[in-house]
Amino acid sequence: MQLNNELMIQMYRTMLLIRRFEEKAMELKARQIIPGLLHLYIGEEAVATGMCAALRRDDYISSTHRGHGHCIAKGGDISLMMAELLGREKGYCRGKGGSMHIADIDLGILGANGVVAAGMPISGGAALSIKMRGKDQVVACFFGDGGSNQGAFHESLNMAALWKLPVIYVCENNQYAISVAQSRSCSIRDIYLRKDAYGIEGCMVDGNDVLAVYQAAKETVDRARRGEGPTLIECKTYRWRGHYEGEADRTYTYRTKQEIEGWIDRCPIKRFQKVLLDQGVVSQVGINQIEQEIQSDLQKAMEFAQNCPFPEPQDALKDLYYEE
Ligand SMILES: Cc1ncc(C[n+]2csc(CCOP(=O)(O)OP(=O)(O)O)c2C)c(N)n1
Ligand SMILES: [Mg+2]
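To keep things clear, this report deals only with the structure shown in the data block. These numbers come from a predicted model, not from an experiment.

**Observations concerning the pattern of salt bridges**
By the definition in use, this model includes 21 salt bridges. Two residues, E291 and R20, come together in a salt bridge whose shortest N-O distance is 2.7 Å. Pair noted here: E291 is in helix 12 (residues 284–306) and R20 is in helix 1 (residues 5–30), with a separation of 271 residues, a long-range link. A salt bridge links D190 to K236; its shortest N-O distance comes to 2.9 Å. Linking D190 in the loop between helix 7 (182–185) and helix 8 (195–198) with K236 in strand 7 (residues 231–236), this pair joins segments that are 46 residues apart in sequence. By relative accessible area, which is 21% here, K236 ends up partly exposed. What you see here is one network of salt bridges that share partners, running through R189, D190, E234 and K236.

In structure tokens, the structure reads:
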């Protein structure tokens, strides 16, 4: 598939922004500046980027506990994200939600979610609303290999298939659910084959190749817009960090250093950078400039977040759903 240069550069920029945002979050967590749990997306950037590049602004996504990459790829504001991670009052959830609750309804970001596979029924509901309103929007539903073993996965796929809902189910198969290898928890090796149980289309792609993800995304999004129903895309990828930040000291108990290093060698960003340089889409000077622009954007986000106050204690219950 021949893509225009502007789109390719935009995808490179998105991947790099996700990487640098996550590296900054990693550093802030290590310095104990970010409270709560933090699950980083480093190594998986091509999945969110390739998928969201095929979406329109008015399309929806549902996300997971590892959601920063999805949010950034759908156009989320990194200043509001950073403020939320730091618990500040101008953050996406006014500093009360943290990493696993970031949402931006205006951008169709229906929310990160601490409950594994909980985005799946939410996506089905959003897609049903699209159908009932007679619109041609679509929903991209991100979930992990672990999530695909949940009942919510199977119920959602069945219903979406039955009602021909416009959902693209994007399985981010990073091969582990916390410390459990997919081979120890899943009855089949290739999760996309579960499409057959529901009579829907599906495919498997190299989740570290942003162009492959984009191509699969484009085809399936077009199909969903035409009213031809849901698709299951499995993206094979790998997370470089532990399940959550803080896990590092026990990482090698369930996977080897060699395995991790092998995947780091297959970095999706370095790989795409080589494609762009080889094809003359961008020069080394252009690559350096993108890096500087991202550093500057991140710096501004940090300043915004750090200059923002914490919520007042008397506002602890404001903006929350609760019963008197
Ligand atoms: C319903 C539910 N069960 C268990 C958990 C605990 N938990 C949090 S993340 C996780 C593993 C998820 O693995 P996967 O879906 O592969 O996503 P990944 O972390 O690899 O991105 C589990 C079991 C949870 N949050 N929600
Ligand atoms: Mg996983």
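Picking up after the structure, the text goes on.
**Examining the coordination of the magnesium ion (ligand 2)**
Of the protein atoms, only D145 (OD), N174 (OD1) and Y176 (O) coordinate the magnesium ion (ligand 2), at distances of 2.1 Å. Each donor residue of the magnesium ion (ligand 2) belongs to the same chain, with the gaps between them written as D-x28-N-x1-Y. Highlighted residues: D145 in the loop between strand 2 (139–144) and helix 6 (151–162) and N174 in the loop between strand 3 (167–173) and strand 4 (176–177), separated in sequence by 29 residues. You'll find D145 and N174 in the same group, each marked buried.

**What to know about the site of ligand 1**
Taken together, 15 residues surround ligand 1, and among them H65, R66, G114, G146 and N174 come closest. Here G147 contributes a backbone N or O atom positioned 2.9 Å from an oxygen atom of ligand 1. Relative to its unbound accessible area of 580 Å², ligand 1 is 72% covered by the protein chains.

**Quick look at the state of the cysteines**
Note on terminology: disulfide describes a covalent bond linking the sulfur atoms of two cysteines. Here the structure, examined in full by the defined rule, presents zero disulfides. In this model C141 remains outside any disulfide bridge; the closest cysteine sulfur is found in C171, 10.0 Å from its own. C235 takes part in no disulfide bond, and the closest cysteine sulfur to it belongs to C171, at a distance of 7.8 Å. Overall, C235 belongs to the buried group, its relative accessible area being 0%.

**Looking at the pairing of strand 6 (residues 201–206)**
Looking at chain direction, strand 6 and strand 7 are connected through six bridges and run parallel. Across the sheet, the residue bridging to V205 is C235, located in strand 7. At this point the chain moves from strand 6, through helix 9 (residues 210–225), to the parallel strand 7, and the crossover so formed is right-handed.

**Quick word on the environment of Y176**
Assignment of secondary structure puts Y176 in strand 4. Looking at Y176, the relative accessible area reads 8%, which means it is buried. Between the alpha carbons of Y176 and G144 there is a distance of 8.6 Å; along the sequence they are 32 residues apart. Setting aside residues up to four positions removed in sequence, Y176 forms contacts with D145, A181, Y238, R239, Y254, R255 and E259. A polar contact of 2.8 Å, which involves the side chain of Y176, links it to the side chain of E259.

Thresholds applied
Residues numbered from 1 in each chain as written. Chains lettered and ligands numbered in written order. Predicted model: local features only at pLDDT ≥ 70, side-chain atom pairs only at ≥ 80, totals over all residues. Heavy atoms only, no water. Salt bridge = Lys/Arg side-chain N within 4 Å of Asp/Glu carboxyl O. Helix = DSSP H or I, 4+ residues; strand = E, 2+ residues; numbered from the N terminus. Buried < 20%, exposed > 50% of the residue type's maximum accessible area, 1.4 Å probe, protein only. Donors = N, O, S within 2.8 Å, 3.2 Å for Na, K, Ca; no water. Near = heavy atom within 4 Å. Polar contact = N/O pair within 3.5 Å; in protein donor to acceptor, adjacent residues only side chain to side chain. Areas by Shrake-Rupley, 256 points an atom, 1.4 Å probe, with all protein chains shown as cover. Disulfide = S-S within 2.5 Å. Pairing = 2+ DSSP bridges. Right-handed = clockwise from strand over helix to strand, strands pointing away. Contact = heavy atoms within 4.5 Å.

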